Amino acid sequence: ALFQALPERIFGIMANDTLLAIPFFTFMGLILERSGMAEDLLDTIGQLFGPMRGGLAYAVIFVGALLAATTGVVAASVISMGLISLPIMLRYGYDKRLASGVIAASGTLAQIIPPSLVLIIMADQLGKSVGDMYEGAMVPGLVLTALYVGYVAILSIIKPNHCPALPLEARTLRGFKLILRVLTTLVPPLILIFLVLGTIFLGIATPTEGGAMGATGALILALARKRISWKLLKQAMETTGKLSSFVVFILVGSTVFGLIFRAVNGDLWVEHLLLGLPGGQMGFLIVVNILVFVLAFFLDFFELSFIIVPLLAPVADKLGIDLVWFGVLLAVNMQTSFMHPPFGFALFYLRSVAPASVKTTDIYWGAIPFVCIQIIMVALI
């Protein structure tokens, strides 16, 4: 009977329209990243904040937020910002730990700021609409960005030598030239963000249709900048195919696990265990968040979403917890999986492009304050 149920479940995954948004948003992110948008944004916003102490760090955080809202892919954000901004920050006297921590943390904003891939998966696992998950995650994503900015601002007052202002000779754009550059560089991504997220929030488009519009918009932007080629298209499509297959195979594997786990009444055991916790809703939330935080040291957010969330969702529902809010809370918590030493993916992405002068220990120590900020964000939600 169990084996007969398995093909139905696998075909259910393959026929799931919501999961179509994953290749669309991945393709959009890869086209934008490889067409040089990150480079242009970092250069422009770096010039804009240059006169301020910590200006380059602010630029990295804001570009991280913009890339998160357009690409939704952590690897693309961390690698592109690591390649472009880390050498510049080190050249102008930034502390190695601060520079690497800011880049890794800003890249992980793609986890929580829509159109995030993890929110699409979370919505599917919780049985909620992706649009609701996106709306629920928007404010926490922006608050987390503000907390990063606040941390850099405090550090620039306490330790000004860790994040100096850009010297005068490095500020090549001024006055009207700077305004023109800001308009031509910042406006197109903002239009694309509205095209994708605005239409989803207003109910004009489904997340899958929004992803398709985003992918088309990214191609148009790359064409307008004359940055597109057959080689770039081929690379983007191959990477999109690999990542989408990777997600679906993990989902198939977790479905087999979930089916067997339910067959031996494992889900009922977990349910009774969690419902029996002292403290009701609050006790459940504290234990679950500690559990997810610890598991994030060893597991990627895909595994956590596919294996852990289906076990927790029914209990949260029985306790009367809003599942959209619960999904956003877990997504913010899972974001730490990219930043945890020793297995944080964002730290390894940065290590792969960081110069030899930046030690792995510098990257690890730089990540810790931002992991603490993410924990504070979980508490605030």
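Here's what I pulled together on the structure shown here.

Examining the overall build of the chain
- Of regular secondary structure, the chain possesses 17 helices and zero strands.
- Computed over the C-alpha atoms, the radius of gyration of the chain is 21 Å, within 12% of the 21 Å expected from 2.2 N^0.38 for a compact globule of 381 residues.
- The dimensions of the chain, computed from C-alpha atoms along their principal axes, are 70 × 45 × 40 Å.
- Counting the 381 residues in the chain, one finds 52% classified as buried.
- Sequence-distant contacts, at least 24 apart, represent 80% of the contacts inside the chain between residues at least 6 apart.
- Of the accessible surface of the chain, which amounts to about 16500 Å², a share of 70% is contributed by carbon and sulfur atoms.

Quick notes on unusual backbone geometry
- In the Ramachandran plot, Asn265 falls in the positive-phi region, its phi being about 60 degrees despite a non-glycine side chain.
- Within the fold, Asn265 resides in the loop between α11 (230-263) and α12 (266-275).

Brief notes about the packing of aromatic side chains
- What the rule picks out here adds up to five aromatic pairs.
- Ring plane angle 90 degrees and centroid distance 5.6 Å describe the contact between Phe293 and Phe297, whose orientation is recorded as edge-to-face.
- Judged by its relative accessible area of 22%, Phe293 is partly exposed.
- Grouped by ring-pair contacts, the aromatic residues Tyr148, Tyr151 and Phe370 constitute a single cluster.

Describing the environment of Tyr58
- Its location among the elements puts Tyr58 in helix α4 (residues 55-70).
- The class for Tyr58 is buried, based on a relative accessible area of 7%.
- Taking the C-alpha atoms as reference points, Tyr58 and Gln47, 11 residues apart in sequence, are found 11 Å from one another.
- Residue contacts for Tyr58: discarding those within four places in its chain leaves Phe49, Met52, Arg53, Val149, Val152, Ala153 and Ser156.

Here's the deal with the packing of helix α8 (residues 130-158) against helix α9 (residues 175-201)
- Interaxial distance between α8 and α9 falls to 9 Å at its minimum, and their mutual angle equals 110 degrees. It follows from the interaxial angle that α8 and α9 lie roughly perpendicular. In this structure, α8 crosses over α9, and the sense of that crossing is left-handed. Where α8 approaches α9, its residues Gly131, Tyr134, Glu135 and Met138 are matched on the opposing element by Leu197, Ile200 and Phe201.
- Looking at side-chain class alone, the contact of α8 with α9 contains five nonpolar, one polar and one charged residues.

Re α9
- For α9, with 27 residues, the first-to-last C-alpha span of 36 Å sits near the 39 Å given by 1.5 Å per residue.
- Maximal helix bending in α9 amounts to about 30 degrees, located at Val187; proline Pro188 follows within four positions.
- Looking one or two residues beyond α9, the residue adopting positive phi is Gly203, at roughly 80 degrees.

Observations concerning the pattern of salt bridges
- One pass over the structure, following the stated rule, counts two salt bridges.
- As a salt-bridge pair, Asp362 and Arg97 come within 3.7 Å of each other at their nearest N and O atoms. Linking Asp362 in helix α17 (residues 360-380) with Arg97 in helix α6 (residues 96-107), this pair joins segments that are 265 residues apart in sequence.

Section: the nonpolar core
- Of all hydrophobic cores here, the largest spans 122 residues; its most connected members are Phe25, Phe284, Phe326 and Leu330.
- Per-element accounting of this core gives the leading share, 12 residues, to α4.
- Among residues more than four places away in sequence, those in contact with Leu330 are Met122, Val288, Asn289, Val292, Val309 and Leu312.

A look at the environment of Ala57
- By the secondary structure assignment, Ala57 is in helix α4.
- Measuring from C-alpha to C-alpha, the distance between Ala57 and Tyr94 comes to 9.0 Å, with 37 residues separating the pair along the chain.
- When sequence neighbours within four positions are dropped, the list of residues in contact with Ala57 reads Met89, Tyr94, Val102 and Val152.

Parameters at a glance
Residues numbered from 1 in each chain as written. Predicted model: local features only at pLDDT ≥ 70, side-chain atom pairs only at ≥ 80, totals over all residues. Heavy atoms only, no water. Helix = DSSP H or I, 4+ residues; strand = E, 2+ residues; numbered from the N terminus. Rg over C-alpha atoms; globule rule 2.2 N^0.38 Å. Buried < 20%, exposed > 50% of the residue type's maximum accessible area, 1.4 Å probe, protein only. Contact = heavy atoms within 4.5 Å. Areas by Shrake-Rupley, 256 points an atom, 1.4 Å probe, with all protein chains shown as cover. Phe/Tyr/Trp six-rings, centres within 6.5 Å; stacked < 30°, edge-to-face > 60°. Axes fitted to C-alpha atoms, helices over the stretch in contact; angles between N-to-C directions. Parallel < 35°, antiparallel > 145°, perpendicular 65-115°, else oblique. Left-handed = near helix turned anticlockwise from the far one by under 90°. Nonpolar A, V, L, I, M, F, W, Y, C, P; charged D, E, K, R; others polar. Expected span 1.5 Å × (residues − 1). Bend = angle between axes of the 7 residues up to and from the residue. Salt bridge = Lys/Arg side-chain N within 4 Å of Asp/Glu carboxyl O. Core = buried A, V, L, I, M, F, W, Y, C linked by side-chain atoms within 4.5 Å.

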